[in-house]
Amino acid sequence: MPNDVSYTPEEVAKILKISKFTVYEIIKRGELKAYHIGRKVRVEGADIESYKQKLKGMSSPSANTLPSNSPAQLTEANQQESSAEALVICGQDIVLDILTRYLEKQFPHVRFLRRYVGSIDGLMSLYRGLANAVAVHLWDSDSDDYNLPYVRRILPGHPTYIINLLFRVEGFYVAKGNPKNILTWSDLTKPGVRFVNREVGSGARVLLDEQLRLLKIRRQDILGYGDEEMTHLAIASKIARSEADVGLGIEKVAMQVNGLDFIPLKKERYDLVIRQEDLERAHFQALMSILKSPAFQNEVSGIGGYDLSLMGQIIAEV
């Protein structure tokens, strides 16, 4: 690689065999020198070589070799990948935080970044190369299936694996005793019933909109349809504070907030989407091993509110 040539972040990503997002991250952290020409970022070949040499200095066997009983072994080639790469995991369930913690223990030199975004925004990030693993729960009313139709539409030409994390129950949060007798989707249109919605792109919002379409319910007939919150917990909290009468979320959160009842509506499949090309990499092999490990499954099971019967199984290749 010529030292007197400048490279774009996309070209640097190919040279270092990392994602474009990671390139921007290490530039932002000051680990790789870069400069601007107008709005465009450039990196000198000499600075790329300097960065690679620095990584080689960080990669010692004692620091990066995993014990023999670990779910994944790092080869010498993977040691540089382990030091350089930052992996982005999208999704909002607490199980993803636990999974990230397990990965961080095995790869202490890797930055595992969490993005708390909805399912559709996560898939768009994967499509654009800004994420590495995305958790989704998107129901398709035409097929009565979760996630596969959306992955096909949003990631055309990008072969992926869909891996099950767990099953959850989605339903209504209502005040204790359900004083307004809210039991079905149609009850959202009752006079005086105040609804609080999830943000556009979230799995809960997709489920709601699909049900409204099937039942031919107009959005404008739901008081509070435009009132949005970003998390299940925020929805539950608003209802517990009597600022709304009903909202949509998962059963697990209802168990954590006082003063609520939960009306179950649908069991949903919560999956992880990754690129097929990534599965053979050390980080993703470790991820698969963690999902199938008794230690991880026991910890998640101890939280309660989840069905782990298919955890770690590949649901589909898309």
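Per chain, the residues get numbers from 1 upward, laid out in the order the sequence is written. Whole-chain, interface and lining totals are the exception, using all residues; otherwise, since this is a predicted model, local features are given only for residues with pLDDT of at least 70 and side-chain atom pairs are given and counted only at 80 or more. In computing side-chain values, all of the structure's heavy atoms are included and hydrogens and water are not.

Trainee: Give me the lowdown on the sheet that holds strand E2 (residues 35-37), citing residues and values where you can.
Mentor: Picture the strands of a sheet paired through backbone hydrogen bonds; they go either parallel or antiparallel. Each pair of strands is called paired provided DSSP finds at least two bridges between the two strands. Every helix listed is a DSSP run of H or I at least four residues long, and every strand listed is a run of E at least two residues long, numbered separately from the N terminus. As summarised here, the arrangement of the three strands in space is E1-E3-E2, forming an open sheet in which the pairing is antiparallel. Lying at the two open borders of the sheet, with one neighbouring strand each, are strand E1 (6-7) and E2. As paired strands, E1 and strand E3 (residues 40-44) are joined by two bridges and run antiparallel to one another. Paired with Ser6 across the bridge in E3 is Glu44.

Trainee: Mind laying out helix H6 (residues 94-106), listing which residues take part and the relevant values?
Mentor: The first and last C-alpha atoms of H6 sit 19 Å apart over 13 residues, in line with the 18 Å expected at 1.5 Å per residue. Regarding H6, the residues found buried are Val95, Leu96, Ile98, Leu99, Thr100, Tyr102, Leu103 and Gln106. Polar contacts, as used here, are pairs of N or O atoms within 3.5 Å; protein pairs need one atom able to donate a hydrogen and one able to accept it. Residues neighboring in sequence count only if both atoms are side-chain atoms. In this structure Asp93 caps H6, since a side-chain oxygen of it lies 2.9 Å from the backbone nitrogen of Val95. Working rule for helices: expected span equals 1.5 Å times residues minus one. Residue burial is assigned from relative accessible area. The probe radius is 1.4 Å, only protein chains are included, and a residue is buried under 20% of its type maximum, exposed over 50%, and partly exposed in between.

Trainee: Quick one: what's the story with the pairing of strand E9 (residues 160-175), residue by residue and with numbers?
Mentor: Burial of E9 is extensive: 14 of the 16 residues sit out of reach of the surface. Two elements, E9 and strand E13 (residues 260-275), share 15 bridges in a ladder whose sense is antiparallel. Across the sheet, Val169 pairs through a bridge with Lys267, a residue of E13. The sheet contact formed by E9 and strand E14 (residues 314-317) spans three bridges and is antiparallel. From the neighbouring strand, Tyr161 faces E14, where its bridge partner is Glu317.

Trainee: Tell me about the nonpolar core, and please be specific about residues and values.
Mentor: Residues belong to a common nonpolar core when they are buried Ala, Val, Leu, Ile, Met, Phe, Trp, Tyr or Cys residues joined through side-chain atoms within 4.5 Å. By size, the foremost hydrophobic cluster in this structure holds 33 residues, and its most contacted members are Leu99, Leu103, Leu165, Leu272, Leu291 and Phe296. With near-sequence residues (within four places) excluded, Leu165 lies in contact with Leu96, Ala135, Tyr270, Asp271, Leu272, Leu291, Leu308 and Met311. Residues are treated as being in contact if the distance between any of their heavy atoms lies within 4.5 Å.

Trainee: Before we move on, could you go through helix H7 (residues 119-127) and cite the residues and values that matter?
Mentor: Those residues of H7 not exposed but buried are Ser119, Gly122, Leu123, Ser125 and Leu126. Looking straight down H7, one finds its buried side chains confined to an arc of 155°; they lie on one side. With its phi angle positive at about 80°, Gly129 sits one or two positions after the end of H7. Think of the arc as the fan of directions from the helix axis to the C-beta atoms.

Trainee: Can you tell me about the pattern of salt bridges, naming the residues and giving the values?
Mentor: We define a salt bridge as a contact between a side-chain nitrogen of Lys or Arg and a carboxyl oxygen of Asp or Glu at a distance within 4 Å. Counted by the stated rule, this structure contains 26 salt bridges. Among the ionic pairs, Lys238 bridges to Asp227, the shortest N-O distance being 2.8 Å. Separated by 11 residues along the polypeptide, Lys238 in helix H10 (residues 232-240) and Asp227 in the loop between helix H9 (203-215) and strand E11 (228-229) bring together distant segments of the chain. The exposure class of Lys238 is buried, given its relative accessible area of 11%.

Trainee: Requested: an account of the packing of aromatic side chains, with residues and values cited.
Mentor: For Phe, Tyr and Trp, rings pair up if their centres lie within 6.5 Å, where Trp contributes its six-membered ring, and each pair is then called stacked (planes under 30 degrees apart), edge-to-face (over 60) or tilted (otherwise). In this structure the tally under the stated criterion is four aromatic pairs. Two thresholds decide whether a charge sits over a ring: the Lys NZ or Arg CZ must be within 6 Å of the ring centre and within 35 degrees of the ring normal. Against the face of Tyr150 rests Arg153, its NZ or CZ located 5.3 Å from the ring centre. Over the ring of Tyr270 we find Arg168, and its NZ or CZ is 4.1 Å from the ring centre.

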